[in-house]
Amino acid sequence: MNGVPLAGFIGLSMFMFITGVVGVIIRRNPIVIFMCIELMLNAVNLAFLAFARYKFSGLANVNQGAAGQMMVVFVMAVAAAEVAVGLGIIMAIYRLKENIDVDELNLLKG
Amino acid sequence: MIPTIDWGVIGPVAIVAVTGMIALIVHMITGNSEKNFTQKVTVFGLLIALTSLLAAGGSERFVLQEMVVMDRLGSVGQLLTVFSALIVALVSPAYLEAKRIKLGEFYPMLAWATVGGMIVCCTRNLLVLFVGIEILSISLYVLAGLHRTSKKSEESAIKYFLLGAFATGFLLYGIAMFYGATGSLNMSTLVSYWLHGAPENKILLSLSFALIAVGIGFKCSLAPFHQWTPDVYEGAPTNVVAFMATGGKVGAFVALWNFADSFGHAGRFVGMTIATLAVLSMLVGNVLAMAQKNIKRLLAYSSIANAGYVAVAAASVAIAFRLNHIALIFFLFGYVLTSLGVFVVVLAMAKDGEEPMSLDDLKGLASRSPILAYSLVVFVLSLIGLGPVSGFLGKLFILKDALTANLAWLAVVMVLNSIFGAFYYFGMLRSAFAPAEGDARPISLSIPQTFSLSVCVVGVIGAVVFYAPLLAHLGLR
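Residues numbered from 1 in each chain as written. Chains lettered and ligands numbered in written order. Predicted model: local features only at pLDDT ≥ 70, side-chain atom pairs only at ≥ 80, totals over all residues. Heavy atoms only, no water.

Chemist: Pulling in residues and values, what's your account of the packing of helix 16 (residues 370–384) of chain B against helix 19 (residues 447–461) of chain B?
Modeler: Geometrically, a packed helix pair is captured by the angle between its two axes and the distance between the axes. All names here are of chain B. At a closest axis distance of 10 Å, the pairing of helix 16 and helix 19 adopts a crossing angle of 35°. The crossing of helix 16 and helix 19 is left-handed. Contact residues: Ile371, Leu372, Ser375, Val378, Phe379 and Ser382 in helix 16; Leu453, Cys456, Val457, Val460 and Ile461 in helix 19. Split by residue class, the contact of helix 16 with helix 19 holds 9 nonpolar, 2 polar and no charged. (Axes fitted to C-alpha atoms, helices over the stretch in contact; angles between N-to-C directions. Helix = DSSP H or I, 4+ residues; strand = E, 2+ residues; numbered from the N terminus. Left-handed = near helix turned anticlockwise from the far one by under 90°. Contact = heavy atoms within 4.5 Å. Nonpolar A, V, L, I, M, F, W, Y, C, P; charged D, E, K, R; others polar.)

Chemist: Can you lay out the packing of aromatic side chains for me, pointing to particular residues and giving the numbers?
Modeler: This model, assessed by the stated rule, comprises 23 aromatic pairs over all chains. Relative to Phe269 of chain B, the ring of Phe209 of chain B has its centre 6.2 Å away and its plane inclined at 65°; by these criteria the two rings are edge-to-face. Of the two residues, Phe209 of chain B sits in helix 8 (residues 199–220) while Phe269 of chain B sits in helix 12 (residues 268–290), which places them 60 residues apart along the sequence. Ring-pair connections join several aromatic residues into one group, and the members of that group are Phe34 of chain A together with Tyr141, Tyr160, Phe161, Phe218 and Trp228 of chain B. The residue whose ring lies beneath Arg53 of chain A is Tyr54 of chain A, and the NZ or CZ to ring-centre distance is 5.9 Å. The ring of Trp194 of chain B is capped by Lys202 of chain B, whose NZ or CZ atom sits 5.5 Å from the centre of that ring. (Phe/Tyr/Trp six-rings, centres within 6.5 Å; stacked < 30°, edge-to-face > 60°. Lys NZ or Arg CZ within 6 Å of the ring centre and 35° of its normal.)

Chemist: Outline the packing of helix 5 (residues 126–144) of chain B against helix 6 (residues 151–182) of chain B, listing residues and values.
Modeler: Residues and elements named next belong to chain B. Close contact between helix 5 and helix 6 brings their axes to 9 Å; oriented N to C, the two are set at 170°. With respect to each other, helix 5 and helix 6 are oriented roughly antiparallel. Of the residues in helix 6, those touching helix 5 at Leu126, Phe130, Ile133, Glu134, Leu140, Tyr141 and Ala144 are Ser153, Ser156, Ala157, Tyr160, Phe161, Gly164, Ala165, Thr168, Leu171, Leu172, Ile175 and Phe178. Along the lines of polarity and charge, the residues of the contact of helix 5 with helix 6 split into 14 nonpolar, 4 polar and 1 charged. (Parallel < 35°, antiparallel > 145°, perpendicular 65-115°, else oblique.)

Chemist: Residues and numbers for helix 3 (residues 72–99) of chain B, please.
Modeler: Its 28 residues give helix 3 of chain B an end-to-end C-alpha distance of 39 Å, which sits within 8% of 40 Å, the value for a rise of 1.5 Å per residue. Counting buried residues along helix 3 of chain B, 26 of its 28 residues qualify, which places the element largely inside the surrounding structure. (Expected span 1.5 Å × (residues − 1). Buried < 20%, exposed > 50% of the residue type's maximum accessible area, 1.4 Å probe, protein only.)

Chemist: Tell me what's going on with the pattern of salt bridges, and back it up with residues and numbers.
Modeler: Pairing between side chains of opposite charge can happen when the charged atoms of each approach one another. Residues and elements named next belong to chain B. The full count for this structure, using the stated rule, is 8 salt bridges over all chains. Across the pair Glu155 and Lys159 runs a salt bridge, and its minimum N-O distance is 3.2 Å. Taken together, the residues span about one helical turn, with Glu155 and Lys159 both in helix 6 at a distance of 4 residues. Grouping residues by exposure puts Glu155 and Lys159 together as buried. One salt-bridge network, in which partners are shared between bridges, spans Lys152, Glu155, Lys159, Asp231, Glu234 and Arg297. (Salt bridge = Lys/Arg side-chain N within 4 Å of Asp/Glu carboxyl O.)

Chemist: Tell me about a nonpolar patch on the surface, residues and numbers included.
Modeler: There is a patch of nonpolar side chains on the surface, built from Met14, Ile18, Val22, Ile25 and Ile26 of chain A together with Leu207 of chain B and spanning about 530 Å² of accessible area. Considering the arrangement of structural elements, one finds Leu207 of chain B in helix 8. (Patch = residues over 30% accessible without salt bridge, like charges linked within 9 Å, V, L, I, M, F, W, Y side chains within 5 Å. Areas by Shrake-Rupley, 256 points an atom, 1.4 Å probe, with all protein chains shown as cover.)

Chemist: Tell me about unusual backbone geometry, and name the residues and values.
Modeler: Residue and element names in this part refer to chain B. For the peptide bond that leads from Ala223 to Pro224, omega is 0°, which places it in the cis range. Structurally, the position occupied by Pro224 is in the loop between helix 8 and helix 9 (228–235). At Arg100, a position not held by glycine, the phi torsion is positive, near 55°. Structurally, the position occupied by Arg100 is in the loop between helix 3 and helix 4 (106–121).

Right, dumping it as structure tokens:
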């Protein structure tokens, strides 16, 4: 772990985040869009953990390190709640329309 | 050592959360009974929470390692969130009956959305802010899709959900960058790092500001992050929209203001960025609203314009260090009471599975129900900001703040926008006082509807009389 510098982790995290953002913009299937959003959240988790491990480790700033690690736990919990609601909504749409392509969702405009 | 906790500070939040749980259990036991116990339990719980908030007053207190900061703005925000949930819970049974949405789960979800809004109001910690925003949003995603057999309702739910989760990603990445620069999740650490931190920290903080602004801007529906608002408002059930536009927005507005305030005396750049968003929102909201024929879309653009006015207050506080939050408090009072009133009028017109969709459906309101029509006059005057009603007071204080912060150009833009706003708001009145077309049956109001309407009307008209004692009770500086 000591062989990889902090910049490596943050670089990977930014790459994952941008991949997620691009995916959300170009994909048309809500489930794939949702996977891309999860990728963004995982990029966030990686960034938090890398900062906590490299910048705020050690006994001197144990509170600072713990703050980042706790945040990751909360992000994972909230992401799980979001999945439950999101898949529920997608199911409801599928039952109504038998089609979940976001381009077909065009009733609301003006 | 276990620290002693002042439970009184987080008591109201806990009361509303428990109310939601009890309401859900009651709903499982009684089902969709005629007596509607679920709604009664929810209303009762919200009333207790409202009373305890009023009894607690608004002195500044920090609890749970400063994760909860209860200041005056926080208690006013919580008060308004609970109040709007209460009014929505009161007028919902008639609407859900009229639209034939037989889901009592509405009330527990409403209570939990209120919990989220209350949490956002009383914190300056980004972890708690994130959890609060998510509790609020996830409940609202479910509520937007409440009308399971309506394609429009489901479409609004999925649009809101996908865009909301996307914005949450930005907010979170911003928080991660903030943490990387400061090693803390508390907004109050920001100033010293912004002014004296290492250069790489400043880059991280700038990035963090941009990303968090996207996240909070989405929740406030500031332009250019506003696209979801008209679609969701049009598709979602109107009683849900009534809460989304009032209680759901208060938390986001308070968070925006707190975030801008936390830059302290280093906020020039931040203030100018927020001012740009404010100008965009006011223009987008007011210009696009003029072209609207659909009432709910019109109200959506109106709420975008109002978010712009709040952003003016936030920009002023970021630039002029240590401005008072009295302007925002007055504006929020006016905004919540007025918007709730308009939605109560629209909700009362729903009948036999139909509800007013276009401005033409408002025609004949004056003859069908003079009470609704004249209440609408009061609310429209307040939305425009005419006369000594609450909408006028809020805008006046915000303008004063903008001038204190040397943002005269922003104040001018805001005044011009208020004048633009008059056009489409008067359009609503013109329809309401036109002769009836088609259905001309009189509209009868139930007791809860009359009560809610009169509370909003009295609050809007009596702004000058009521607010000063109320704010004094809450301990305003």
